[in-house]
Amino acid sequence: QVQLVGSEGGAVQPGGSLTLSCTASGSISEIKSMGWYRQAPDKPRDMVASIKTGGEIIYADSVKGRFTISRDNAKNTIYLQMNNLKPEDTALYYCHAGRGLEYDGIYQYDDWGRGTQVTVSP
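Calculation notes
- Residues numbered from 1 in each chain as written.
- Predicted model: local features only at pLDDT ≥ 70, side-chain atom pairs only at ≥ 80, totals over all residues.
- Heavy atoms only, no water.
- Phe/Tyr/Trp six-rings, centres within 6.5 Å; stacked < 30°, edge-to-face > 60°.
- Helix = DSSP H or I, 4+ residues; strand = E, 2+ residues; numbered from the N terminus.
- Buried < 20%, exposed > 50% of the residue type's maximum accessible area, 1.4 Å probe, protein only.
- Lys NZ or Arg CZ within 6 Å of the ring centre and 35° of its normal.
- Core = buried A, V, L, I, M, F, W, Y, C linked by side-chain atoms within 4.5 Å.
- Contact = heavy atoms within 4.5 Å.
- Pairing = 2+ DSSP bridges.
- Salt bridge = Lys/Arg side-chain N within 4 Å of Asp/Glu carboxyl O.
- Axes fitted to C-alpha atoms, helices over the stretch in contact; angles between N-to-C directions.

K.L.:
Explanation requested: the packing of aromatic side chains in the structure shown.
P.N.:
Two numbers describe a pair of aromatic rings. These are the distance of the centres and the angle of the planes. Applying the stated criterion across every chain yields a total of two aromatic pairs. Judged by centre distance (5.0 Å) and plane angle (75 degrees), the rings of Tyr37 and Trp112 are edge-to-face. Pair noted here: Tyr37 is in strand E4 (residues 31–39) and Trp112 is in strand E10 (residues 106–112), with a separation of 75 residues, a long-range link. With relative accessibility at 22%, the residue Tyr37 sits in the partly exposed group. Under the relative-accessibility criterion, Trp112 is labelled partly exposed at 35%. Grouping aromatic residues by their ring pairs yields a cluster made of Tyr37, Tyr94 and Trp112. Across from the ring centre of Tyr94, 3.6 Å away, lies the NZ or CZ of Arg45, which sits over that ring. One residue, Arg45, lies across the ring of Trp112, its end atom 4.6 Å from the ring centre.

K.L.:
Sorry, what's going on with the nonpolar core here?
P.N.:
What tends to happen in soluble globular proteins is that the nonpolar side chains get buried as a cluster. Membership of the largest hydrophobic core comes to 27 residues, with the highest contact counts inside it found for Met34, Trp36, Leu80, Met82 and Tyr93. Residue assignment for this core shows that the elements contributing at least two residues are strand E1 (2–6), strand E3 (18–26), E4, strand E5 (46–52), strand E7 (67–72), strand E8 (77–82), strand E9 (91–103) and strand E11 (116–120). Apart from the residues within four sequence positions on either side, Leu80 is in contact with Leu18, Thr19, Leu20, Trp36, Val48, Ala49, Phe67, Thr68 and Ile69.

K.L.:
Mind showing me how you'd approach the pairing of E10 here?
P.N.:
Consecutive side chains of a regular strand alternate in pointing toward one face of the sheet and then the other. Pairing analysis gives six bridges linking E9 to E10, with the strands arranged antiparallel. Bridge assignment links Gly98 to a residue of E10, and that residue is Asp110. Hairpin connection between E9 and E10: a loop of two residues separates the two successive antiparallel strands, and Asp104 in this loop has a positive phi of roughly 55 degrees.

K.L.:
Explanation requested: the pattern of salt bridges in the structure shown.
P.N.:
Here the idea is simple: oppositely charged side chains can pair when their charged atoms come close. In total, this model carries seven salt bridges according to the counting rule given. The closest approach of N and O atoms between Lys64 and Asp61, which form a salt bridge, is 3.0 Å. Take Lys64 and Asp61: they sit in the same class, and that class is exposed. Through salt bridges that share partners, Glu30, Arg99 and Asp111 make up one connected network.

K.L.:
What exactly am I supposed to notice about the environment of Gly98 here?
P.N.:
Inspection of the secondary structure assignment puts Gly98 in strand E9. Once the C-alpha coordinates of Gly98 and Glu30 are considered, the two residues, 68 residues apart in sequence, prove to be 8.4 Å apart. With residues up to four places along the chain from it excluded, the contact list for Gly98 reads Glu30, Ile31, Lys32, Ser33, Tyr107 and Tyr109.

K.L.:
Can you walk me through the sheet that holds E8 in this structure?
P.N.:
Strand pairing in a sheet relies on backbone hydrogen bonds. The paired strands run either parallel or antiparallel. An order of E1-E3-E8-E7 is seen for the four strands of this open sheet, with the pairing classed as antiparallel. Edge positions in the sheet fall to E1 and E7, since each of these pairs with one other strand and no more. Ignoring strand direction, the axes of neighbouring strands in this sheet form an average angle of 20 degrees. One ladder, built from six bridges, connects E3 with E8; its direction is antiparallel. Pairing of Ser21 across the sheet is with Tyr79, part of E8.

So yeah, pure geometry; function would need other evidence.
Pasting the structure below:
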């Protein structure tokens, strides 16, 4: 029972930057991890970056060194700073929350925000 409201993406040129935010509400205490997934057309939805309540951060290899995820616990908000964007970053980005019990990196519940389009093109 978590609602995720994210900021809008946008269109940028390669090498540009964009920041996404996502604010959670509802059963905040159940959230164990928050982050973003993305999905390109005809592709599966893949994890981009996540941050656990304990502070552990995981990035997809494709975005390491370019994206930075952070959180403001007081605001129940996470941020994804995306630098040096590439055309392959073009996708729908979905805020995600892993909630409830965790087992082997998998959460009992997955909550999703609305996808927002990030387009990187010349």
